[in-house]
Amino acid sequence: MAERRNDNKNEPWRDPSAQAYVEIQNVTKRFGDFVAVNNVSLKIYQHEIFCLLGGSGCGKTTLLRMLAGFEAPTSGRILIDGKDMAETPPYERPTNMMFQSYALFPHMSVAKNVSFGLEQEKLPKAEIAQRVDEILDIVKMREYAQRKPHQLSGGQRQRVALARALAKRPKLLLLDEPLGALDKKLREQTQFELINIQERLGVTFVVVTHDQEEAMTLASRIGVMNRGEIVQVGTPSEIYEFPSTRFVADFIGSVNMFEGRLIEDLPDRVRISSPELGGVVYVDHGISAAPGANVWAAIRPEKITLSRAAPADASENCARGIVKEIAYMGDLSIYLVKIESGKMVRITMPNVERLAEHERILWDEQVYLSWHSSSPVVLTQ
Amino acid sequence: MRLKGRHWFSKTGLWLGLAFLYVPIISMIVFSFNNSRLVTVWDAANSPTLKWYGELFANDQIMGAAWLSIRIAAMTATGAVILGTLAGLVLVRFGPFRGRALLSGMTTAPLVMPEVITGLSLLLLFVALQQLIGWPQSRDVTTITIAHITFSMAYVTIVVQSRLAGFDNSLEEAALDLGAKPGKVFFRITLPLIVPAILSGWLLAFTLSWDDVVVSQFVAGPGSTTLPMVIFSKVRLGVSPDVNALATIMVLIVATGVVVSAIWMRRQERRRAREMQMAVAANK
């Protein structure tokens, strides 16, 4: 993950006086009876990479298309740079978009594709040529300038699409699943290049993706969407470590969820009795929920420790079970353990050492699961 | 052996089929070089001869009719392409609107409408219009062209529609996004991409107009006799050999057009394949 420095300059959303570059105010979009985007409000700041993350049909692309001006909100307002965009057609907005299909003009060469936007601004020919060269250099496609799109590979097309969208030096670049069509290796490589280009040019990115890994790598902040609504907005680590709902916890990474009841609720610690776990979950931080309320303790698979011997204090944050499945993934192994209550729990363990066959935990072995009291996240909805 | 038998059978079928299609045309071409005035008698002593071709080019009526037909076909094709492209655009682009099914049905109805009925109804319309608003004053080139446009436009609409159906909408959105106004988007992006469909629509409309005789018969007036009408009337008076010569020239023109366009298409395809190979090699 691309860690950013933790001050207000890089995290303008923590500064209440900061001016948002894009402001989405109570935007709703209906197609007939179907509500694609439901009362979404968002602030996006300059130089951010903001990812809209969600499954298919969650409204993320519709929201992006409203920013570009291809769809008009049914209600609500969109402000870019303080200006209401309601009456501004796509060809007058300070935004450019990179399409999921890349939408390269098939009858024009790479150079012509990139210069198309500049020609609309009626710039002098020499300046257009210079800026096309410049941007093709940035995406390392200069030697392909005279090729037609059908003569390029998928990765090259993606670069040209990016160059074309950046050529007009937009303040806001909208990217619709920018890496969706690339294979895994190329995608990882391109993610970092995107970040580099964004930092170099100082453009604000709004990226739509369904790929949580992509969002985690690229984003300064992520807005998780579900059924047309923004469920949570936060930095990648906030979203991963402190999901606000069960949907977010489940959507980002994988998680073990234990339903239970609050039996102790103090400002600095809580205890949850969970029949699903067959024990008590002790959490070393307070939460805001009514005592006796139904809650869920969410624990990430990598935060659970697997051992043959019982931990020193087995009264809390502990369970016993039988290993049912092991998946060896190379860098880590995934274990599925059936605990005594009958629930299956997922645990991942990094393969730090090359263990001999007899040292590894194997199928049908009895094991103990335990975790630190800071690991569980308590969710009320 | 059985295999060989089947081979023999399919070969015979092929040659019979080809003969069925082309023997009449070949005999017509051969007889166009016949010296005899009697169409069915081969004058072996003085043939082949270009006598009828000479007579044909000296015949002002036929030459005039041919020129008229070419003009009408060109105007028809151009008009049909403009209207047909617009109809195709509306049908594909404007999504479901009120009356869409009706418009779609109506643009394609002329495809199955008997030509006699198309011709008759157009004639009635022109006569009624003349009485009501005084236009068209007479039935001439204009009325023939209008009539030809009405039935050939349907073909253009269908060709353009099928081309647009496979068109990625985001191409136009991308152009808008890059700052081009809708009119410019149409001329810089949409039009160049549907040009092949428009060209083939134009050629189709041209040939439809070029050989139409039924509809023309209804809406033509004195002094606006098209080439097919001339041939038709000549044949009714008795087949004269210069018609053979005329038909041979027409076949030749059409065949040349087909062969040239086929070669051009093959070349384009080959070039594309070569470029693709180069691109793949460059990526390695």
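Criteria and cut-off values
- Residues numbered from 1 in each chain as written.
- Chains lettered and ligands numbered in written order.
- Predicted model: local features only at pLDDT ≥ 70, side-chain atom pairs only at ≥ 80, totals over all residues.
- Heavy atoms only, no water.
- Core = buried A, V, L, I, M, F, W, Y, C linked by side-chain atoms within 4.5 Å.
- Buried < 20%, exposed > 50% of the residue type's maximum accessible area, 1.4 Å probe, protein only.
- Helix = DSSP H or I, 4+ residues; strand = E, 2+ residues; numbered from the N terminus.
- Contact = heavy atoms within 4.5 Å.
- Pairing = 2+ DSSP bridges.
- Axes fitted to C-alpha atoms, helices over the stretch in contact; angles between N-to-C directions.
- Phe/Tyr/Trp six-rings, centres within 6.5 Å; stacked < 30°, edge-to-face > 60°.
- Lys NZ or Arg CZ within 6 Å of the ring centre and 35° of its normal.
- pLDDT = per-residue confidence, 0-100.
- Salt bridge = Lys/Arg side-chain N within 4 Å of Asp/Glu carboxyl O.
- Polar contact = N/O pair within 3.5 Å; in protein donor to acceptor, adjacent residues only side chain to side chain.

Novice: Any details on the nonpolar core? Residues and values, ideally.
Specialist: In this structure, A:Leu63, A:Phe105, B:Ile189 and B:Leu227 are the most contacted members of the largest nonpolar core, which totals 69 residues. For this core, the leading source of residues is helix H3 (residues 60-93) of chain B, giving nine residues. In this structure, A:Phe105 is in contact with A:Asn113, A:Phe116, A:Pro149, A:Arg164, B:Leu171, B:Ala174, B:Ala175, B:Leu178 and B:Ile189, ignoring residues within four places of it in sequence. Among the nonpolar cores identified, the runner-up in size contains 47 residues, and A:Tyr102, A:Leu162, A:Met216 and A:Leu218 belong to it.

Novice: Describe the sheet that holds strand E2 (residues 34-44) of chain A, listing the residues and the values that go with them.
Specialist: Residues and elements named next belong to chain A. Read from one edge of the open sheet, four strands run E2-E1-E4-E5, paired in antiparallel fashion. Pairing within the sheet leaves two strands with one partner each, and these edge strands are E2 and strand E5 (83-84). Strand direction decides the pairing type here: strand E1 (residues 22-31) and strand E4 (residues 75-80), joined by five bridges, are antiparallel. Looking at the pairing, Glu 23 lines up with Leu 79 of E4. Each of E1, E2 and E4 touches helix H1 (residues 60-68); the most contacted strand, E1, lies at about 115 degrees to it.

Novice: Before we move on, can you summarise the packing of aromatic side chains with the specific residues and values?
Specialist: Taken as a whole and judged by the stated rule, the model has nine aromatic pairs over all chains. Measuring from ring centre to ring centre gives 5.4 Å for B:Trp202 and B:Phe206, while their planes differ by 25 degrees; the resulting arrangement is stacked. Taken together, the residues B:Trp202 and B:Phe206, both in helix H8 (residues 182-210) and four residues apart, mark about one turn of the helix. With a relative accessible area of 28%, B:Trp202 lands in the partly exposed category. Pairwise contacts between aromatic rings join B:Trp202, B:Phe206 and B:Trp210 into one cluster. Between A:Arg164 and the ring centre of A:Phe105, over which it is positioned, the NZ or CZ distance is 4.5 Å. Over the ring of A:Trp296 we find A:Arg246; its NZ or CZ atom is 3.7 Å from the centre of that ring.

Novice: Requested: an account of the sheet that holds strand E11 (residues 256-266) of chain A, with residues and values cited.
Specialist: Residue and element names in this part refer to chain A. Pairing within the open sheet is antiparallel, and its five strands lie in the order E13-E12-E11-E14-E20. Two strands bound the open sheet, and with one partner strand each, they are strand E13 (279-283) and strand E20 (377-379). Between one strand axis and the next, the sheet turns by 40 degrees as a mean value, whatever way the strands run. Relative to strand E14 (residues 294-299), E11 runs antiparallel, the two being bridged by six bridges. Directly across from Asn 256, in E14, lies its bridge partner Ile 299.

Novice: Tell me about the side chain of A:Thr95, and name the residues and values.
Specialist: Its location among the elements puts A:Thr95 in strand E6 (residues 95-98). Relative accessible area serves as the criterion here: at 1%, A:Thr95 is assigned to the buried category. Beyond its immediate stretch of four places on either side in the chain, A:Thr95 contacts A:Leu67, A:Ala68, A:Ile80, A:Pro170, A:Leu172, A:Leu174 and B:Asp177.

Novice: Any chance you could break down the confidence of the model for chain B for me, citing the residues and the numbers?
Specialist: Close inspection of predicted coordinates is inappropriate in any region flagged by low pLDDT. For chain B, per-residue confidence averages 86 on the pLDDT scale, and residues scoring 70 or more make up 95% of the total. For this predicted complex, the interface score ipTM comes out at 0.85, alongside a pTM of 0.81.

Novice: Provide a residue-level description of the environment of B:Phe206, including the pertinent values.
Specialist: Residues and elements named next belong to chain B. For Phe 206, a relative accessible area of 19% translates into the label buried. Along the chain, Phe 206 and Arg 6 lie 200 residues apart, while their C-alpha atoms are 42 Å from each other. Apart from the residues within four sequence positions on either side, Phe 206 is in contact with Ile 70, Ala 73, Ala 74 and Ala 77.

Novice: Can you tell me about the pattern of salt bridges, naming the residues and giving the values?
Specialist: Residue and element names in this part refer to chain A. Under the counting rule described, the total for this entry stands at 27 salt bridges over all chains. The partner of Glu 302 in a salt bridge is Lys 303, and the shortest N-O contact between them spans 3.4 Å. The class of Glu 302 is partly exposed, set by a relative accessible area of 37%. Linking Glu 365 and Arg 308 is a salt bridge whose minimum nitrogen-to-oxygen distance equals 2.6 Å. Of this pair, Glu 365 sits in the loop between strand E18 (344-350) and strand E19 (366-371) while Arg 308 sits in the loop between strand E15 (304-307) and strand E16 (318-328); the two residues are 57 residues apart in sequence, bridging distant segments of the chain. A relative accessible area of 19% means that Glu 365 is categorised as buried. One salt-bridge network, held together by shared partners, links Glu 264, Asp 268, Arg 269, Arg 271 and Glu 316.

Novice: Which residues make up helix H10 (residues 227-236) of chain B, and what values go with them?
Specialist: Within H10(B), the full set of buried residues consists of B:Leu227, B:Pro228, B:Met229, B:Val230, B:Ile231 and B:Lys234. Directly after H10(B), the chain includes B:Gly238, whose backbone phi takes a positive value near 120 degrees.

Novice: Help me get a handle on the side chain of A:Thr190, residues and values and all.
Specialist: Residue and element names in this part refer to chain A. Counting through the fold element by element, Thr 190 comes out in helix H5 (residues 184-201). Thr 190 sits in the buried class, given a relative accessible area of 6%. One polar contact links the side chain of Thr 190 to the main-chain carbonyl oxygen of Leu 186, over a distance of 2.4 Å. Those residues in contact with Thr 190 that lie beyond four places of it in its chain are Gln 158, Leu 179 and Leu 182.

Novice: If you had to explain the pairing of strand E3 (residues 49-53) of chain A to someone new, which residues and values would you point to?
Specialist: Residue and element names in this part refer to chain A. The element E3 is extensively covered by neighbouring structure, given that five of its five residues are classed as buried. Burial along E3 is two-sided: the residues Ile 49, Cys 51 and Leu 53 and Phe 50 and Leu 52 are all buried. Where E3 lies against strand E8 (residues 204-209), five bridges are found, and the strand directions are parallel. Paired with Ile 49 across the bridge in E8 is Phe 205. Pairing between E3 and strand E9 (residues 221-226): four bridges, direction parallel. From the neighbouring strand, Leu 53 faces E9, where its bridge partner is Val 224.

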